[in-house]
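Listed below, chain by chain, are the residues.
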Amino acid sequence: MTKPRNHQLITIFGRKPVLEVLQSPTQVVRLHISREVRRQGIIVDILKLADTRDIEVQTHSKRELSYISKNNRQDQGVALDLFAPNLLSLDSLPETATALLLIDGVTNPQNLGIIIRSVAASPMHGLILPKKGCAGLGPLVYKASAGTLIKTTIYQCDDTNQGLLAVKEKGFSVYGLAADGSQDLNSITKNDHVVFVLGNESDGMAKETEQMCDVLVNIPMANGVESINVSAAATLVAFYQLFAI
């Protein structure tokens, strides 16, 4: 396995999630376990799998482990570092990159996980994920993504503003999804250098983000429906290339 960089590590926690990952072919870097945890039941199974797979095991105090899991109430004394080889910095975006999706302020881990799964399954090149204002890449996102979090190409940036400036400098057109958008999503022609922006679950895109978009587009709705969940919208956008002219 290629030696992962720190930003390519995703930490999950909890006995059942850790056991399930160890039972899968997912690339695991190391197992963290609290000294205070009793070596019985599911913990024994976890340690056996780690030994069988020759995975590094680090032992910590309960407090030390809480710094790693960042959730001492739910880590249950175990955490696991996973290798996400496609978790990259936006600075490394290649010239060959095509359509991308950028999310602005999606804070619900369930929504983020579903969005990641949709991007993984779609023709899109990848997802741009600002570190500020979005849900962190943790166990809830991993679970909601059905494990595709470590397969999806994700470019991280500090915030939405930085991400949009970077792609604009590379010549990408930026389309923001908004209910009052002037152009329908289904009228956009296929474009290999386009970034779609989706906003927060409740409030949509921030005003500053809207102003940075080249065009605001909407998803046509029927039966008087005003909006759909951001993860559903992301799925439609992720596959737009299949239906674009």
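Rules and cut-offs
- Residues numbered from 1 in each chain as written.
- Predicted model: local features only at pLDDT ≥ 70, side-chain atom pairs only at ≥ 80, totals over all residues.
- Heavy atoms only, no water.
- Helix = DSSP H or I, 4+ residues; strand = E, 2+ residues; numbered from the N terminus.
- Rg over C-alpha atoms; globule rule 2.2 N^0.38 Å.
- Buried < 20%, exposed > 50% of the residue type's maximum accessible area, 1.4 Å probe, protein only.
- Contact = heavy atoms within 4.5 Å.
- Areas by Shrake-Rupley, 256 points an atom, 1.4 Å probe, with all protein chains shown as cover.
- Lys, Arg positive; Asp, Glu negative; His and termini not counted.
- Charge placed at Lys NZ, Arg CZ, Asp CG, Glu CD.
- Axes fitted to C-alpha atoms, helices over the stretch in contact; angles between N-to-C directions.
- Parallel < 35°, antiparallel > 145°, perpendicular 65-115°, else oblique.
- Nonpolar A, V, L, I, M, F, W, Y, C, P; charged D, E, K, R; others polar.
- Pairing = 2+ DSSP bridges.
- Salt bridge = Lys/Arg side-chain N within 4 Å of Asp/Glu carboxyl O.
- Disulfide = S-S within 2.5 Å.
- Left-handed = near helix turned anticlockwise from the far one by under 90°.

Draft legend 1. Quick peek at the overall build of the protein chain. For the protein chain, the count of helices and strands is 9 helices and 12 strands. Here the protein chain has a C-alpha radius of gyration of 20 Å; the compact-globule value for 245 residues is 18 Å, and the two agree. Overall, the protein chain is about 60 × 40 × 30 Å in size when its C-alpha atoms are taken along their principal axes. For the protein chain, the proportion of its 245 residues judged to be buried stands at 47%. Of the contacts made within the protein chain by residues no fewer than 6 positions apart, 81% connect residues no fewer than 24 positions apart. When the accessible surface of the protein chain is split by element, carbon and sulfur atoms take 47% of a total near 12,700 Å². Taking the 23 positively charged and 24 negatively charged side chains of the protein chain as two groups, their mean positions are separated by 11 Å.

Draft legend 2. Spotlight on the packing of helix H4 (residues 109-121) against helix H8 (residues 230-238). The geometry of H4 relative to H8 is characterised by a closest axis approach of 9 Å and an angle of 10° between their N-to-C directions. Considering their axes alone, H4 and H8 lie roughly parallel with respect to each other. Contact residues: Asn111, Ile114, Ile115 and Ser118 in H4; Val230, Ser231, Ala234, Thr235 and Ala238 in H8. Partitioned by chemical class, the residues of the contact of H4 with H8 number 5 nonpolar, 4 polar and no charged.

Draft legend 3. Geometry of the sheet that holds strand S3 (residues 56-60). A sheet is described by the order of its strands in space; here 4 strands give the open sequence S1-S4-S2-S3, paired in mixed fashion. The open sheet terminates on both sides in strands that have one partner only, identified here as strand S1 (9-13) and S3. Between one strand axis and the next, the sheet turns by 20° as a mean value, whatever way the strands run. As defined by bridge partners, strand S2 (residues 28-34) adjoins S3 across 5 bridges and the pair is classed as parallel. The residue of S3 that forms the bridge with histidine 32 is glutamine 58. With respect to the sheet, helix H2 (residues 42-52) is in contact with S2, S3 and strand S4 (78-83), its orientation differing from that of S2 by roughly 145°. Those strands touched by helix H3 (residues 62-69) are S1, S2, S3 and S4, and its axis lies near 145° from that of S2.

Draft legend 4. Structural detail: the pattern of salt bridges. In the structure shown here, the tally under the stated rule is 4 salt bridges. For arginine 35, the salt bridge goes to glutamate 64, with nearest N and O atoms at 3.9 Å. In this pair, arginine 35 is assigned in the loop between S2 and H2 and glutamate 64 in helix H3, connecting sequence segments 29 residues apart.

Draft legend 5. Just the environment of asparagine 72, in detail. Relative to the elements of secondary structure, asparagine 72 occurs in the loop between H3 and S4. According to the relative accessible area criterion, asparagine 72 is partly exposed, its value standing at 47%. Sequence separation between asparagine 72 and glutamate 36 is 36 residues, and the spatial gap between their C-alpha atoms is 13 Å.

Draft legend 6. The arrangement of the state of the cysteines in detail. Inspection of every chain in the model, using the stated rule, returns 0 disulfides. With no disulfide partner, cysteine 157 has as its closest neighbouring cysteine sulfur the one in cysteine 134, 8.3 Å distant.

Draft legend 7. Highlighting the packing of helix H1 (residues 15-22) against H2. Remark: H1 packs on H2, axes separated minimally by 10 Å, with the N-to-C direction vectors making an angle of 30°. The angle between the axes of H1 and H2 places the two elements in the roughly parallel class. The two elements H1 and H2 cross, and the hand of that crossing is left-handed. Counting all contacts with H1, which are made through Arg15, Lys16, Val18, Leu19 and Leu22, the residues of H2 involved are Ile42, Ile43, Asp45, Ile46 and Leu49.

Draft legend 8. Region of the structure containing the sheet that holds strand S9 (residues 173-177). A sheet is described by the order of its strands in space; here 8 strands give the open sequence S5-S8-S7-S6-S11-S9-S12-S10, paired in parallel fashion. The open sheet terminates on both sides in strands that have one partner only, identified here as strand S5 (87-89) and strand S10 (183-184). Taken together, the 2 bridges between S10 and strand S12 (residues 215-218) define a ladder with parallel strand orientation. Its bridge partner lying in S12, glutamine 183 is registered against valine 217. The sheet contacts of H4 involve strand S6 (100-103), strand S7 (126-130) and strand S8 (154-157), and relative to S7 the element is tilted by about 150°. Where H8 meets the sheet, it contacts S6, S9 and strand S11 (194-198), and its direction lies at approximately 165° from that of S11.

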